[in-house]
Amino acid sequence: MAEMAMYHSLGQDTDDPSANPPPPAGPQQQYLPPAAPPPTGYQQPGPAPYQQQQPATYGQVSLPPDPSSYRASTPYGQAAPPPSLSPYQQQGPYGPPTQQPGLYGPPGGDVRGLAQSISGMDLAGGVGTTPGTISKASRKKARAYHNLDQSSEPSNGPNLPAFTPNVANQMPSSFLGQQQAMSPGQGNSQFPAPANPTFVPAAPAAPAAFAARSGSSNVGQAGGKVNPSDIPSIPGHRDHYIAQYRATMYPTLARHQPPHATSDYIAHDQGNASPRLCRLTLNSIPATADLLASTSLPLALLIQPLAKLKDEEEPIPVLDFGEMGPPRCRRCRTYINPFMTFLQGGGRFRCNMCLFPNNEVPSEYYAPVDMSGARVDRNQRPELMRGTVEFVVPKEYWAKKDGEGAGGEEGKGGSPMRWIFLVDVSENAINRGVLESVVGGIREALYGGSAYENAPEGHESEDGKEGKRRRLPKGCKIGICTFDKDVQFYNLNPNLDQAQMMVMPDIEDPFVPLSEGLFVDPYESRAIIESLLESLPTLFMHIKNAEPALLPALSTALSALQDTGGKIICSLSTLPTWGPHRLFMRDDPKLYHSEKEKVLFQTEHQAWRKVSGRLVEAGVGVDFFMTPSAYIDVATVGHIASTTGGEIFFYPNFVAERDAHKLRSELSHSFHRETGYQSLMKVRCSNGLQVSTYHGNFLQRSHAGDVEFGAIDADKCVSVMFSYDGKLDSKIDAHFQSALLYTTRQGERRVRCSNIVAGVTENTRDAIKMADQDAVLGVLAREAASRMIEKPLKEIRGALTEKCVEILAAYRKTSGGSPPGQLVLPETLKEFAMYVLALLKTRAFRGGSVASDMRVHSMRLLKSMGPAELQLYLYPRILPVHSMTEEDGFLDSTGHLKIPVALRASFGFIEEGGAYLIDNGQLLLLWLHTHVSPNLLQDLFGPEVNSLSDLDPNMYELPVLETHLNAQVRNVIQYLKTQRGSKAVSIQLARQGFDGAEYEFASSLVEDRNNEERSYVDWLVHVHKFVQLEVTGQRKRDEGDVGMAGMTGMRPPYW
Ligand SMILES: [Zn+2]
């Protein structure tokens, strides 16, 4: 309990806890703190933090300090300007919205007028459920299996009457309440007042005022205004959940509401798959299609099948049933799982999906059952205890049935994996330093620090490196090819003196010109590979062909991998304009905003489609490293990556000095991340439901058929939508199982099964209250991105807006008791509207002119990224550097790194003289205000840096200095690295008035009016208006209005 106390104090140290969502009231004692080991690698505080010697020397002297601001006491705190000096009065491109309304509007530019027009608007949360709250009744059911016959007892699901009272007691659940709690610490004193004349710095509310503001009373009385600080705060919630899950574990069955994707949770698999691998949009499944329709939410599963688990989490068990293979339902082929029930003394089992009772238990698998119906050996059987397991599979699952040509010698069904590095050596790649960077990346992947891991105790080092062993599994091989207008292969046989180049003579009819020595063990051939990599940049220096022939190069690489499958890592720096099926510049700004714009987002090039299909068939995935300086037709080239399950790493305006580091790290990550190839995925679900659509980057040959990946890796995520073909019984749970058949890097054929179960409800409100915001967003983003090739962008934007309105209106309709003027948001979808707005502001969907390459790249990202990466992509994490407390950036008493309080993404919260880290999961910007203190610059970058102009614009990491601040920021960046998906963390400078990256900074302030969309406040007002019309039945869909025009065509059941 000591740890519990610590946890509580943790939760309290930032704010008044009374208005924060309370921690889940689940059976915490049972799952007491996981005691995650403190992270390693962070520098510890030095003995004498310099701040104590130089108190308050960093403040700007030109402005009088505001006594009400605690900043005055922080070391770098730019004294906040007095209230009369609004932050919008400063210079630079972020001026007041009245001057530049297009780009940098503040939150709620014209809040006052709009607020009056919706007088009485209440952003209160109404009564919602606490994430993870479970009642006594459901706790009883918190076990790893369900007895389907016990229909008298309510099922594990959340549809329990006990929920509501429980929740009502615990949850003030109101954004206003939230704000009250935030304001003393972070809401107001930390931030200068936004330029909103009606802004009233909130004093802590008296209990009566608090009560009046939260829950059912009409909040409009508080002044009839919408205070930007009152609306749901994404950073506030993220910080809250990060703190919460650092101290508690997430038990996957005992609770029903998965943690936020960006919180550092540790999941304990109790029979339900970890939310890292699977998330349901609704954790309480509507019993009928009509009921689902009444929620307006999609019923879908978000699956990231090979997601990286945390070190503290138990690894996924690998089970081998020998020749017999894993037991499966005879009727629907569901794999054995914790929810199958054993009958007739253990001789038969009933399937949890199709309820077929007559499955025979194979004699090898027989065990008697005890009084409760559970097998006596259950605790020794991971497949009956764990939500996710992996089965080694017998011959009938192998990629090549006879095992021949597929590394059959070890009898595992596949070959140890093979990679081809396909390197662009055309003129553009050489001149811009790309080739050198890519070669550096290959060297880093094969022999850099990340190529080795610490050998376990007593393990012989294989590579002459003390205590290190290679990360690449035994038997894996690599090959290197280069291409410009020809394709060159290299014999890397370790017995040669140097690599031999073979030029493939005929790009019209490509074939592999050597039979041996193409694929080698990179450790055996280390000398020869290193010398080849060394010489490549100079080798092609004098040749310099301007035009690469990409498709022939890919086709040849495919023939080399035809029999084994594997992965191609390909660099490309310019449009491939040479050889058969060469591409042309086809981007045409005249098509932007037209019906035809969507043509730019896809390829109609049959040859490219055909090669994609053949790659998937052979079990080959392709990752691209694109460094274009102009149009490169991401739509066509990237089609290969997206169809084969690969990824595009995109570096527009590549500058070698700045970006090489990022490229090298990402290439190494692409090589080493968990990857499976020759892969097939199928999802099964309970009777009454059926799979309707998959969305993501893969190949699906027939509608609703299985999806195929040439290769799939840890960072890839897909969504599966379900529809109804019957009615669900609310007395029994709904089940889902995803099965991914693949070859591991070691060459073993396996099936990874993830099972997920949820209760069934007959109540709309319960269903919405158990929604999973991360999953809903992941599904919406994928679906909207998939439609970009079918529908004009304007319609997609309209559909997303419409969806947002419908979902909130659906919930509003269930809150009968609330005054009509209130916008009531379900607790679980509190930030949903902001995320939808952010989605509308992504490069994929935003209005205005966006180069088609950028749009398509963003679209494919949205289709493949996991929920944590998506959250950051939509709404960045903004951390102030200049105002960190002394403890920030160092380990706290619980052994976790203390992260500064994140800011809302609005210029209204940016301080004069400030310095900020902005992490959107793809880029890490370091934004520095023009008037940043020289002392801060010196402490951060070194004594020689006195002004912004002294900084190297291509800086990508901080120097290592002895100062406290420098250590803090480096530690924070180290932490951010652990939160990333596939992208490496590399600083990009955005100095106010200096760097082009300032544009990125401005557009990442998604709460402001920018990116051709409203501010967050205006957006809420807008959405609320339509929610009211919808609820009162006054909406005329066919006519619509400006924001909703043309929407009627886009209303299939799940939109
Ligand atoms: Zn079945």
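Keep in mind it's a predicted model, so treat the numbers as computed, not measured. (Residues numbered from 1 in each chain as written. Predicted model: local features only at pLDDT ≥ 70, side-chain atom pairs only at ≥ 80, totals over all residues. Heavy atoms only, no water.)

What to know about the overall build of the protein
- A tally of helices and strands in the protein yields 27 helices and 30 strands.
- Looking at the protein as a whole, 64% of its 1055 residues qualify as buried.
- For the protein, long-range pairs separated by at least 24 residues make up 74% of all intrachain contacts whose partners lie at least 6 apart in sequence.
- If you sum the accessible surface of the protein, you get close to 37300 Å²; carbon and sulfur atoms cover 50% of it. (Helix = DSSP H or I, 4+ residues; strand = E, 2+ residues; numbered from the N terminus. Buried < 20%, exposed > 50% of the residue type's maximum accessible area, 1.4 Å probe, protein only. Contact = heavy atoms within 4.5 Å. Areas by Shrake-Rupley, 256 points an atom, 1.4 Å probe, with all protein chains shown as cover.)

Re the pattern of salt bridges
- Inspection of every chain in the model, using the stated rule, returns 47 salt bridges.
- The salt bridge involving Arg855 is made with Glu597; its shortest N-O contact spans 3.5 Å. In this pair, Arg855 sits in helix α22 (residues 852-864) while Glu597 sits in the loop between β17 (566-572) and α15 (606-618), placing the two residues 258 residues apart along the sequence.
- Residue classification places Arg855 among the buried positions, given a relative accessible area of 1%.
- When the shortest N-O distance is used, the salt bridge between Asp713 and Lys716 registers 3.0 Å.
- Among the charged side chains, a network of salt bridges with common partners joins Lys567, Asp623, Glu647, Arg673, Asp713, Asp715, Lys716, Glu869 and Lys983. (Salt bridge = Lys/Arg side-chain N within 4 Å of Asp/Glu carboxyl O.)

Overview of the side chain of His1022
- With respect to the element layout, His1022 can be found in helix α27 (residues 1016-1031).
- Given a relative accessible area of 7%, His1022 falls into the buried group.
- Looking at His1022, its side chain comes within polar contact range of the side chain of Arg1014, at 3.1 Å. (Polar contact = N/O pair within 3.5 Å; in protein donor to acceptor, adjacent residues only side chain to side chain.)

Section: the sheet that holds strand β18 (residues 620-626)
- Pairing is mixed in the open sheet, where 7 strands are placed in the order β16-β15-β14-β11-β17-β18-β19. Either end of the sheet is taken by a strand with one partner, and the two such strands are β16 (500-504) and β19 (648-650). Direction aside, the axes of adjacent strands within the sheet are offset by 20° on average.
- Sheet analysis places β17 next to β18, joined by 7 bridges and oriented parallel. (Pairing = 2+ DSSP bridges. Axes fitted to C-alpha atoms, helices over the stretch in contact; angles between N-to-C directions.)

Observations regarding the coordination of the zinc ion
- Note on the zinc ion: its protein donors are Cys329 (SG), Cys332 (SG), Cys351 (SG) and Cys354 (SG). The metal-donor distances range over 2.2 to 2.3 Å.
- The coordination sphere of the zinc ion comprises 4 donor atoms, whose angles at the metal cover 104 to 115°; the geometry is tetrahedral.
- Spacing between the donor residues of the zinc ion along their common chain follows C-x2-C-x18-C-x2-C. With Cys332 in the loop between β6 (318-320) and β7 (341-343) and Cys351 in the loop between β8 (348-350) and β9 (359-360), this residue pair connects regions lying 19 residues apart in the sequence.
- Relative accessible area serves as the criterion here: at 0%, Cys351 is assigned to the buried category. (Donors = N, O, S within 2.8 Å, 3.2 Å for Na, K, Ca; no water. Tetrahedral: all angles 85-135°; square planar, octahedral: opposite > 155°, others 65-115°.)

A word on unusual backbone geometry
- The phi torsion at Gln344 lies on the positive side, around 50°, for a residue other than glycine.
- On the secondary structure map, Gln344 appears in the loop between β7 and β8.
- The backbone of His593 shows a phi angle near 70°, a positive value even though the residue is not glycine.
- Checked against the element boundaries, His593 lands in the loop between β17 and α15.

Points about the UniProt feature "domain: Zinc finger Sec23/Sec24-type" (unreviewed entry) in the protein
- Cross-referencing UniProt, the feature "domain: Zinc finger Sec23/Sec24-type" (unreviewed entry) maps to residues 326-365 in the present numbering.
- Overall, residues 326-365 shows 0% helix and 20% strand. The separation of its end C-alpha atoms is 10 Å. (UniProt positions renumbered as here; feature names shortened; annotations may be inferred.)

Quick notes on the nonpolar core
- Among the nonpolar cores identified, the biggest contains 148 residues, and Ile285, Leu422, Ile568, Phe624, Phe736 and Phe845 are the most heavily contacted of them.
- By residue number, the principal contributor to this core is helix α20 (residues 793-814), which donates 10 residues.
- Not counting chain neighbours up to four residues away, the residues in contact with Leu422 comprise Cys481, Phe483, Ala553, Leu554, Ala557, Ile568, Ile569, Cys570 and Ser571.
- Residues Val425, Val439, Leu472 and Leu492 belong to the second largest nonpolar core, which totals 43 residues. (Core = buried A, V, L, I, M, F, W, Y, C linked by side-chain atoms within 4.5 Å.)

Focus: the environment of Ala247
- Looking at the secondary structure, you find Ala247 in helix α8 (residues 234-247).
- On the basis of relative accessibility, which here comes to 7%, the residue Ala247 falls in the buried class.

Digging into the packing of aromatic side chains
- A complete count under the given rule lists 17 aromatic pairs for this structure.
- Measuring from ring centre to ring centre gives 5.6 Å for Phe421 and Phe671, while their planes differ by 40°; the resulting arrangement is tilted. Linking Phe421 in strand β11 (residues 418-424) with Phe671 in helix α17 (residues 656-672), this pair joins segments that are 250 residues apart in sequence.
- For Phe421, a relative accessible area of 1% translates into the label buried. (Phe/Tyr/Trp six-rings, centres within 6.5 Å; stacked < 30°, edge-to-face > 60°.)

Considerations on a nonpolar patch on the surface
- Together, Met501, Val503 and Leu539 make up a nonpolar patch on the protein surface, roughly 230 Å² of accessible area in all.
- Position of Leu539 relative to the elements: it lies in helix α13 (residues 526-539). (Patch = residues over 30% accessible without salt bridge, like charges linked within 9 Å, V, L, I, M, F, W, Y side chains within 5 Å.)

Description of helix α23 (residues 867-874)
- Summarising burial for α23: 7 of the 8 residues are buried, a large majority.
- Those residues of α23 that sit buried are Pro867, Glu869, Leu870, Gln871, Leu872, Tyr873 and Leu874.

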